[in-house]
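Survey of secondary and tertiary structure
One-letter residues, chain by chain:
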Amino acid sequence: MPVLLFMKELGPSAIDTQIRSLSPIGGGSVHMMIYFIQFLNSELSSKQDYQLVQAYLGLFLKIHGELLTKDSDLTGELETLQRIQTTAWKELNKKFNQSACIVNYLKNATI
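The sections below set out a description of the structure shown in this document. (Residues numbered from 1 in each chain as written. Predicted model: local features only at pLDDT ≥ 70, side-chain atom pairs only at ≥ 80, totals over all residues. Heavy atoms only, no water.)

A separate point is the overall build of the protein chain. Along the backbone of the protein chain there are five helices and zero strands. Along the protein chain, from the amino end to the carboxyl end, the secondary structure elements read α-α-α-α-α. Since a compact globule built from 111 residues should have a radius of gyration of about 13 Å, the 18 Å found for the protein chain marks it as more spread out than a globular shape. Expressed as lengths along the three principal axes of its C-alpha atoms, the size of the protein chain is roughly 65 × 30 × 25 Å. Taking as baseline every contact in the protein chain between residues at least 6 positions apart, the subset at least 24 positions apart corresponds to 63%. For the protein chain, the computed accessible surface area is about 7,600 Å², with 58% contributed by carbon and sulfur atoms. In the protein chain, 10 positive and 10 negative side-chain charges are present, and the distance between their average locations comes to 12 Å. (Helix = DSSP H or I, 4+ residues; strand = E, 2+ residues; numbered from the N terminus. Rg over C-alpha atoms; globule rule 2.2 N^0.38 Å. Contact = heavy atoms within 4.5 Å. Areas by Shrake-Rupley, 256 points an atom, 1.4 Å probe, with all protein chains shown as cover. Lys, Arg positive; Asp, Glu negative; His and termini not counted. Charge placed at Lys NZ, Arg CZ, Asp CG, Glu CD.)

Structure follows, in structure tokens:
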């Protein structure tokens, strides 16, 4: 089962538990955390479920922030994630601006 489908089936507390369990303290490993970041990269690159991925990312950063800053492998993966996220945001922002322009035009056009 793909990770995103699995995560979508979970409730909020189960998602929190799954993300907490990624770290070595929670029974996971740094490699599991790297795989999760790569999953987020993949989902952002697919340009689907943007808000859901952002929610997972926010929770992941909140829970594991201290460990993320101390491990160079994790930091490297986060830098990749940042580049992908910046690109995705620029594309989304462009679409927002286009939609706002169309709405503004239609609002002001005399028909």
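Mapping Glu43 onto the fold places it in helix α3 (residues 30–46). One buried charge, Glu43, has no salt-bridge partner; the nearest side chain with opposite charge is Lys8, at 7.3 Å. Other than its neighbours up to four places away in sequence, Glu43 contacts Leu4, Gln48 and Val53. (Buried < 20%, exposed > 50% of the residue type's maximum accessible area, 1.4 Å probe, protein only. Salt bridge = Lys/Arg side-chain N within 4 Å of Asp/Glu carboxyl O.)

The subject of this paragraph is the layout of surface pockets. Considered as a void within the structure, the largest pocket measures approximately 200 Å³ in volume. In terms of lining residues, the largest pocket is bounded by Val3, Phe6, Met7, Gln18, Ser21, Leu22, Met32, Tyr35, Phe36 and Phe39. Only α1 (3–9) and α3 provide two or more residues apiece to the lining of the largest pocket. In terms of residue count, the dominant contributor to the lining of the largest pocket is α3 (four residues). Looking at the lining of the largest pocket, its residues break down into eight nonpolar, two polar and no charged. (1 Å grid on protein atoms, 1.4 Å probe; cavity = no way out; pocket = protein on both sides within 12 Å on 5 of 7 lines; lining within 4 Å. Points joined across faces, edges and corners; volume = space filled by probe spheres on them. Nonpolar A, V, L, I, M, F, W, Y, C, P; charged D, E, K, R; others polar.)

Okay, the side chain of Ser23 next. You can see Ser23 is positioned in the loop between α2 (12–20) and α3. The exposure class of Ser23 is buried, given its relative accessible area of 6%. Leaving out residues up to four positions away in the same chain, Ser23 has contacts with Gly28, Ser29, Met33, His64 and Leu67.

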